[in-house]
Amino acid sequence: MRVFAEDRWAHAAHGTKASPNAAPLLPRGCTDVICCVFLLLAIVGYVAVGIIAWTHGDPRKVIYPTDSRGEFCGQKGTKNENKPYLFYFNIVKCASPLVLLEFQCPTPQICVEKCPDRYLTYLNARSSRDFEYYKQFCVPGFKDNKGVAEVLRDGDCPAVLIPSKPLARRCFPAIHAHKGVLMVGNETTYEDGHGSRKNITDLVEGAKKANGVLEARQLAMRIFEDYTVSWYWIIIGLVIAMAMSLLFIILLRFLAGIMVWVMIIMVILVLGYGIFHCYVEYSRLRGEAGSDVSLVDLGFQTDFRVYLHLRQTWLAFMIILSILEVIIILLLIFLRKRILIAIALIKEASRAVGYVMCSLLYPLVTFFLLCLCIAYWASTAVFLSTSNEAVYKIFDDSSCSLTAKTCNPETFPSSNESRLCPNARCQFAFYGGESGYHRALLGLQIFNAFMFFWLANFVLALGQVTLAGAFASYYWALRKPDDLPAFPLFSAFGRALRYHTGSLAFGALILAIVQIIRVILEYLDQRLKAVENKFAKCLMTCLKCCFWCLEKFIKFLNRNAYIMIAIYGTNFCTSARNAFFLLMRNIIRVAVLDKVTDFLFLLGKLLIVGSVGILAFFFFTHRIRIVQDTAPPLNYYWVPILTVIVGSYLIAHGFFSVYGMCVDTLFLCFCEDLERNDGSQERPYFMSPELRDILLKGSAEEGKRAEAEE
């Protein structure tokens, strides 16, 4: 296979000049074909897994709750269509350890039209006109032809009704506090159906265990409510972040030097304002009742607004921002000369982006492809997890040897098991199965996760090679922009798919293997948390740390290998080796230029995120108004604020990633240009004169400084 290095330097050896734009356009052959074949076979297998999952899966098991007979609540076209909520006869029993084993409460559960809204016992309701209301919470087909003891023994009706509220389509006790006393409705105690009364605290503890943690679910529901009323303003905030990022990139194209210094000054000013605002809030709370309570004494609160009424919170914010401000100022002082060199590289990157403006839109292509990967993975995972069959088991409150054995609900009343255990019930337990397909579900889920990592990394690699190829065509054009291809980005995209799909798949495969190992380690770590084994915990922590470092190193190596693939068209291993040794031969330049530009781009992201975050904070806390509209009432105003901040960072990162890839590509091209050319007429430099003067001067100063230190 002919590659750029061999062809170009062969021309130089014979005293002829290579074509200026020969690097990215040189005819090349396919690389790492075996990996390309493996990827195609894996995709075919992935599609087959998806088809199998969609054939056997039933997502209704996730959407709708299931009663004791395995029937869905609230599903259209069924007898429970008008009964969307699941009611537990005795929710306290859901605190049983059996729940952790079988994932089902050992108490009858039925679908109801609405949750109970009053406190009633079966004994009292039977002798009053509330019995018709009470019967809707009994098992379907209940007939009042038994005694009270028989009804409660057979589990036909609940012993007591407690005021409840629906949460995730399930009825949970409406617990609240009144003057420091836990209450359900207007009661502080409840009757257990056997004549004795118990404290509501026991019911609360049982409900919390049955629910996972009830407060966590309430927090999730409140957060969801905040999203439903604030999504419109969140989108506006993200659009503002996108507009600011695009404006910043455009200004960086024409005013790179000025914009970098403006960015640095603005970041310092934004952090300074944050420190000032924290000091104002800290001073304002002086003397207010309860403001001197410590964060440790307060503990964790689901309503985060409580923390903003503490002086210690604002003091912590002020200290953190002050430390960050001092660190940035010190870095700017010590890196002032290196920043001048980095600005020259950013200027050159701005010119390259200016000639390939459509590169700013390519992150949208990557985002779209990643969304497809995520959607396919998520849907396949849901269908796989819901492709089990309903499994029924014997439940008995008394000591029965047949408890937890599988059973058939249709034949159970006349079976031998019901005679051996008169109080037992054949009840829906969970979804599972004993077939080969059901035993392979865990492996299919692991394969699903692995393919997601592989395809997602492939999409990211395709974007990096495409951008690197477009910017490399700019660098290796001797007469810029005359020697640039007509459509550099589309040409690079076509070359990447046509010739280097195998190399991209190889790099993505290595990274996916490391990532799936990290996922397995996290799973094992969660399973070992209850184990009091210090050696196992230490070993697990070391393994997680090592694989985290390995993943970071592979990402760094892959990124530079993809640049070499875009330039020379070599296979992945050759490109990774050449990129690694090229960087090692220019380690000083890597530290001086590459990392300083990364630091400057980070400041740019912080400027955009900080500006949009401050605007969102003032808006959602009702400090400012936009025209006549104001922020909607929220449970937690930090929900939309954090969403806007995270979304703004991702948007800014998407735009700056183009610049980052451009800088990395130009830097590697610059290092390669220095090694292969000497600036003579026969072997001229491809870098611009401005870049050559600043970079060579800066590199010489760093070399002298390094020699002096030695």
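Computed from a predicted model, the values in this text were never measured in an experiment.

Take empty space enclosed by the protein next. Within the structure shown, the criterion is met by four cavities of 30 Å³ or more. If you trace the second largest cavity, you find it lined by Arg-28, Val-465, Gly-469, Ala-492, Arg-495, Ala-496, His-500, Ile-565 and Ala-566. Among the elements that take part in the lining of the second largest cavity, helix α19 (residues 488–499) stands out by supplying three residues, more than any other. Looking at the lining of the second largest cavity, its residues break down into five nonpolar, two polar and two charged.

Residue placement: Lys-605 occurs in helix α23 (residues 587–620). Take Lys-605: its relative accessible area is 11%, and that puts it in the buried class. Once you skip the residues sitting within four places of it in the chain, Lys-605 turns out to touch Tyr-649, Ala-652, His-653 and Phe-656.

Moving on, we get to the nonpolar core. Formed by 103 residues in total, the largest nonpolar core has its most connected members in Trp-454 and Leu-600. With 20 residues, helix α18 (residues 441–475) is the largest single contributor of residues to this core. Other than its neighbours up to four places away in sequence, Trp-454 contacts Phe-38, Leu-39, Ala-42, Ala-505, Ala-508, Leu-509 and Ala-512. Listed in part, the 20 residues of the second largest apolar core include Ile-234, Leu-285, Met-318 and Phe-618.

Right, let's get into a nonpolar patch on the surface. Side chains of Leu-246, Leu-247, Ile-250, Leu-251, Phe-254, Leu-255, Ile-258, Val-262, Ile-265, Met-266 and Leu-269 sit close together on the surface and give an oily, nonpolar patch of about 980 Å² of accessible area. Residue assignment for the nonpolar patch shows that the elements contributing at least two residues are α10 (214–254) and α11 (256–284).

Moving on: the environment of Tyr-133. If you trace the backbone, Tyr-133 turns up in helix α7 (residues 131–135). Each C-alpha atom, one on Tyr-133 and one on Pro-116, is 9.3 Å from the other, the two residues being 17 residues apart in sequence. The residues contacting Tyr-133, other than those within four sequence positions of it, are Cys-115, Pro-116, Asp-117, Arg-118, Leu-120 and Leu-161. Among the polar contacts made by the side chain of Tyr-133, one reaches the side chain of Asp-117 at a distance of 2.7 Å.

Before going further, it helps to examine the layout of surface pockets. As a volume, the second largest pocket reaches approximately 1,100 Å³. Looking at the second largest pocket, it is lined by 30 residues, and the ones nearest its centre are Phe-317, Leu-321, Ile-614, Phe-617 and Ile-645. Those elements giving two or more residues to the lining of the second largest pocket turn out to be α11, α13 (311–334), α23 and α24 (638–676). Broken down by element, the lining of the second largest pocket gets its largest block of residues, eight residues, from α23.

You can see Arg-311 is positioned in helix α13. Residue Arg-311 is classed as buried on the basis of its relative accessible area, which comes to 12%. There is a polar contact of 3.2 Å between the side chain of Arg-311 and the backbone oxygen of Tyr-282. Leave out the neighbours within four places in its chain, and Arg-311 touches Tyr-282, Leu-285, Arg-286, Ser-291 and Asp-292.

Viewed as axis vectors pointing N to C, helix α3 (residues 33–56) and helix α15 (residues 362–385) meet at an angle of 45 degrees, and their least axial separation amounts to 8 Å. Relative to α15, the element α3 lies oblique. In this structure, α3 meets α15 at a crossing whose hand is left-handed. Counting all contacts with α3, which are made through Tyr-46, Val-47, Val-49, Gly-50, Ala-53 and Trp-54, the residues of α15 involved are Tyr-376, Trp-377, Ser-379, Thr-380, Phe-383 and Leu-384. The residue makeup of the contact of α3 with α15, split by class, is nine nonpolar, three polar and no charged.

A few words on the confidence of the model for the chain. Predicted confidence across the chain gives a mean pLDDT of 77, with 80% of residues reaching 70 or more. Put simply, helix α1 (residues 4–13) is where the chain has its lowest mean pLDDT, 38, and α3 is where it has its highest, 92. Within the model, pLDDT remains below 50 along residues 1–25, and this stretch shows 48 contacts once partners closer than five positions in the same chain are excluded. Overall, residues 177–214 carries pLDDT values under 50, and its contacts beyond four positions in sequence, including any with other chains, amount to 75 contacts.

All right, on to the pairing of strand β6 (residues 170–173) then. The sheet contact formed by strand β5 (residues 164–167) and β6 spans four bridges and is antiparallel. Bridge pairing in β6 places Lys-165 opposite Phe-172. Hairpin geometry of β5 and β6 is characterised by an intervening segment of two residues between the two adjacent antiparallel strands and by a positive phi of about 55 degrees at Ala-168.

A few words on the pattern of salt bridges. For the structure on display, the rule yields 13 salt bridges. The salt bridge partner of Arg-351 is Glu-348, with a shortest N-O separation of 2.6 Å. A residue pair is termed a helical-turn pair when its members lie 3 or 4 positions apart in one helix, as Arg-351 and Glu-348 do in helix α14 (residues 336–355) at three residues. Judged by relative accessible area, which is 2%, Glu-348 ranks as buried.

Let us now look at the state of the cysteines. Enumeration according to the criterion identifies three disulfides in this entry. Note that Cys-115 is cross-linked by a disulfide to Cys-171, the S-S spacing being 2.1 Å. Torsion about the S-S bond of the Cys-115 and Cys-171 cystine: about -85 degrees, corresponding to left-handed handedness. Within this pair, whereas Cys-115 is found in the loop between β2 (109–112) and β3 (120–121), its partner Cys-171 is found in strand β6, the two being separated by 56 residues in sequence. The exposure class assigned to Cys-115 is buried, which follows from its relative accessible area of 9%. Note on Cys-171: relative accessible area 3%, which makes it buried. Disulfide partner of Cys-138: Cys-157, at an S-S distance of 1.9 Å.

Moving on, we get to the packing of aromatic side chains. Counted under the stated rule, the structure contains 31 aromatic pairs. Plain terms: the ring middles of Phe-580 and Phe-581 are 5.6 Å apart, the flat faces sit at 75 degrees to each other, and that makes the pair edge-to-face. Taking 5.7 Å as the distance between ring centres and 75 degrees as the angle between the ring planes, the aromatic pair formed by Phe-617 and Phe-618 counts as edge-to-face. No difference in accessibility class separates Phe-617 from Phe-618, as the two residues are buried. Three or more aromatic residues link up through ring pairs in this structure, and these residues are Tyr-46, Trp-54, Tyr-376, Phe-383 and Phe-447. In this structure, Arg-118 is placed above the aromatic ring of Tyr-133, and the distance from its NZ or CZ to the ring centre is 3.8 Å. The ring of Tyr-282 has Arg-311 lying over it, and the distance from NZ or CZ to the ring centre is 4.0 Å.

For the pair α11 and α13, the least separation of the axes is 9 Å and the interaxial angle reads 160 degrees. On the basis of the axis angle, α11 is roughly antiparallel to α13. Crossing hand, α11 versus α13: left-handed. Contact residues: α11 offers Ile-264, Val-267, Ile-268, Leu-271, Gly-272, Gly-274, Ile-275, His-277, Cys-278, Tyr-279, Glu-281 and Tyr-282, while α13 offers Arg-311, Trp-314, Leu-315, Phe-317, Met-318, Leu-321, Ser-322, Leu-324, Glu-325, Ile-328, Ile-329 and Leu-332. Here the residues of the contact of α11 with α13 sort into 17 nonpolar, four polar and three charged.

Thresholds applied
Residues numbered from 1 in each chain as written. Predicted model: local features only at pLDDT ≥ 70, side-chain atom pairs only at ≥ 80, totals over all residues. Heavy atoms only, no water. 1 Å grid on protein atoms, 1.4 Å probe; cavity = no way out; pocket = protein on both sides within 12 Å on 5 of 7 lines; lining within 4 Å. Points joined across faces, edges and corners; volume = space filled by probe spheres on them. Helix = DSSP H or I, 4+ residues; strand = E, 2+ residues; numbered from the N terminus. Nonpolar A, V, L, I, M, F, W, Y, C, P; charged D, E, K, R; others polar. Buried < 20%, exposed > 50% of the residue type's maximum accessible area, 1.4 Å probe, protein only. Contact = heavy atoms within 4.5 Å. Core = buried A, V, L, I, M, F, W, Y, C linked by side-chain atoms within 4.5 Å. Patch = residues over 30% accessible without salt bridge, like charges linked within 9 Å, V, L, I, M, F, W, Y side chains within 5 Å. Areas by Shrake-Rupley, 256 points an atom, 1.4 Å probe, with all protein chains shown as cover. Salt bridge = Lys/Arg side-chain N within 4 Å of Asp/Glu carboxyl O. Polar contact = N/O pair within 3.5 Å; in protein donor to acceptor, adjacent residues only side chain to side chain. Axes fitted to C-alpha atoms, helices over the stretch in contact; angles between N-to-C directions. Parallel < 35°, antiparallel > 145°, perpendicular 65-115°, else oblique. Left-handed = near helix turned anticlockwise from the far one by under 90°. pLDDT = per-residue confidence, 0-100. Pairing = 2+ DSSP bridges. Disulfide = S-S within 2.5 Å. Phe/Tyr/Trp six-rings, centres within 6.5 Å; stacked < 30°, edge-to-face > 60°. Lys NZ or Arg CZ within 6 Å of the ring centre and 35° of its normal.

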